[in-house]
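# Breakdown of the fold
Spelled out, the chains give:
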Amino acid sequence: MQGSALIRDLSRQAFRSALARSARRLDEAELRRPAMVFAPHPDDETLGCGGTILLKRRLDVPVRIVFVTDGSGSHPELLPPEELSKLRAREALEASKLLGVDTSRVHLLGFPDRYLLEHREEAISRVVALLEAHRPEQLFVPYAAGENPDHGSTCLIVHEALRRVNRPVTVLEYAVWSWRYWPNVRRDGALWDPRTWVRNTASTVRGLVRSSAFRTCVNVHEVLAGKRAALARHTSQLERRHGDPRWVTLRDVDGGEFLECFFDGFEFYRRIDFNPRPIS
Ligand SMILES: [Zn+2]
């Protein structure tokens, strides 16, 4: 291992274990609360909270997964959106099954990937209907800041639905793309270039400030193998289709370091206890 990679690796371990030490663990009583997981794209449920879902299902706690978009935007130049959306729906159901969530508890809303915000009102109504029909006590929702636009839109849509439903619920927000800063992943570009240095330093500072919001965590060490197995079912995101070198996968992001952010044994959440406003 090169010197800079070793320093990054040690810094990352120190940072992640400091984050875990300072975060409050979700205890068993909270793990036993029925949950609904919102995934902007198929794979976010496993990356962000797959270990927590597995632990809940071990306790036989009801969990539903809502896939908000159809995932058809991941490789639009290489596969027609209709094909990609069918493929990703199949993968979503297979991964959910490995997480212990039966197909009857999976909801594929099918909004077009990358264009969720254009369907905001319809999406809010669909989420309101789900919250009213199933009355989950905990919601797992993507974190908005520094994320892909569909992640931000999903967060906004669920919070607006919750405001309309007006019931007490705990929201646990999980990050995906916003973990991409040093020391979680390598720095890009030439280290000696001042502009690169400024950009990387700004990204690290922003990341560290945001990470201070993630004060709740779940120790998922004992279910990491199951989490990896579930993620592997999202084959279109993990393997090059027919070996095509143009087919980019999650393993390519930051030389694989990004993917490892989700397998170090803890899942972190920003917790919001939503209390209904009084009806006047
Ligand atoms: Zn996503």
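Per an unreviewed UniProt entry, the protein chain carries the name LmbE-like protein and comes from Cystobacter fuscus.

This part covers the pattern of salt bridges. One pass over the full model with this rule turns up 22 salt bridges. For Arg 16, the salt bridge identified is with Asp 264, shortest N-O distance 2.6 Å. One end of the pair, Arg 16, is in helix 1 (residues 3–22); the other, Asp 264, is in the loop between helix 10 (257–260) and strand 8 (266–274), and 248 residues separate them in sequence. For Asp 264, a relative accessible area of 24% corresponds to the partly exposed category. As a salt-bridge pair, Glu 260 and Arg 228 come within 3.1 Å of each other at their nearest N and O atoms. Here Glu 260, found in helix 10, pairs with Arg 228, found in helix 8 (residues 224–232); they are 32 residues apart in sequence, far enough to count as distant. Looking at Glu 260, the relative accessible area reads 30%, which means it is partly exposed.

With that out of the way, let us pick up unusual backbone geometry. The omega torsion across Trp 182 and Pro 183 is 10°, close enough to zero to call that bond cis. With respect to the helices and strands, the residue Pro 183 is situated in the loop between strand 6 (169–174) and helix 7 (194–211). Phi is positive for Asp 60, which is not a glycine, with a value near 65°. Position of Asp 60 among the secondary structure elements: in the loop between helix 3 (44–58) and strand 3 (63–69).

For the rest of this paragraph, the subject is the packing of aromatic side chains. Overall, the coordinates contain 8 aromatic pairs when judged by the stated rule. When the centroid spacing of 4.9 Å and the interplanar angle of 75° are considered together, the rings of Tyr 143 and Phe 214 count as edge-to-face. Remark: Phe 214 occurs in the loop between helix 7 and strand 7 (216–219) and Tyr 143 occurs in the loop between strand 5 (138–142) and helix 6 (149–165); sequence separation between them is 71 residues. Tyr 143 gets classed as buried once you look at its relative accessible area, which sits at 8%.

Before going further, it helps to examine the coordination of the zinc ion. Listed as protein donors to the zinc ion are His 41 (ND1), Asp 44 (OD), Asp 44 (OD) and His 151 (NE2); their distances from the metal cover 2.1 to 2.7 Å. Here the zinc ion is ringed by 4 donor atoms whose angles at the metal span 51 to 143°, and the overall shape comes out irregular. In primary sequence terms, the donor set of the zinc ion follows H-x2-D-x106-H. For His 41, a relative accessible area of 7% puts it in the buried group.

Here we come to the packing of helix 5 (residues 120–134) against helix 6. One way to put it is that helix 5 packs onto helix 6 with a least axis distance of 8 Å and a crossing angle of 55°. Relative to helix 6, helix 5 is oriented oblique. Where helix 5 crosses over helix 6, the two elements pack in a sense that is right-handed. Together, Arg 120, Glu 121, Ala 123, Ile 124, Val 127, Val 128, Leu 131 and Glu 132 of helix 5 and Leu 156, Ile 157, Val 158, Glu 160, Ala 161, Leu 162, Arg 164 and Val 165 of helix 6 make up the contact between the two elements. Of the residues contributing to the contact of helix 5 with helix 6, the split by class is 11 nonpolar, no polar and 5 charged.

Quick look at the side chain of Ser 203 now. Looking at where Ser 203 falls in the secondary structure, it is placed in helix 7. Contact partners of Ser 203, with chain neighbours within four places excluded, come to Arg 180 and Tyr 181.

Glancing now at helix 5. With 15 residues, helix 5 extends 21 Å from end C-alpha to end C-alpha; this agrees with the ideal 21 Å at 1.5 Å per step. For helix 5, every residue scored as buried is listed here: Ala 123, Ile 124, Val 127, Val 128, Leu 130 and Leu 131. One face of helix 5 carries all of its buried residues, which in axial projection span an arc of 165°. Arg 135 sits one or two residues past helix 5 and shows a positive phi near 45°.

Here we take up the pairing of strand 2 (residues 35–39). Here strand 2 lies mainly inside the structure; 5 of its 5 residues are buried. Side chains of strand 2 alternate between two faces, with Ala 35, Val 37 and Ala 39 and Met 36 and Phe 38 buried alike. At this point the chain moves from strand 2, through helix 3, to the parallel strand 3, and the crossover so formed is right-handed. Bridge count between strand 2 and strand 5: 3 bridges; the pairing is parallel. Opposite Met 36, over in strand 5, you have Leu 139 as the bridge partner.

Calculation notes
Residues numbered from 1 in each chain as written. Predicted model: local features only at pLDDT ≥ 70, side-chain atom pairs only at ≥ 80, totals over all residues. Heavy atoms only, no water. Salt bridge = Lys/Arg side-chain N within 4 Å of Asp/Glu carboxyl O. Helix = DSSP H or I, 4+ residues; strand = E, 2+ residues; numbered from the N terminus. Buried < 20%, exposed > 50% of the residue type's maximum accessible area, 1.4 Å probe, protein only. Phe/Tyr/Trp six-rings, centres within 6.5 Å; stacked < 30°, edge-to-face > 60°. Donors = N, O, S within 2.8 Å, 3.2 Å for Na, K, Ca; no water. Tetrahedral: all angles 85-135°; square planar, octahedral: opposite > 155°, others 65-115°. Axes fitted to C-alpha atoms, helices over the stretch in contact; angles between N-to-C directions. Parallel < 35°, antiparallel > 145°, perpendicular 65-115°, else oblique. Left-handed = near helix turned anticlockwise from the far one by under 90°. Contact = heavy atoms within 4.5 Å. Nonpolar A, V, L, I, M, F, W, Y, C, P; charged D, E, K, R; others polar. Expected span 1.5 Å × (residues − 1). Arc of directions from axis to C-beta. Right-handed = clockwise from strand over helix to strand, strands pointing away. Pairing = 2+ DSSP bridges.

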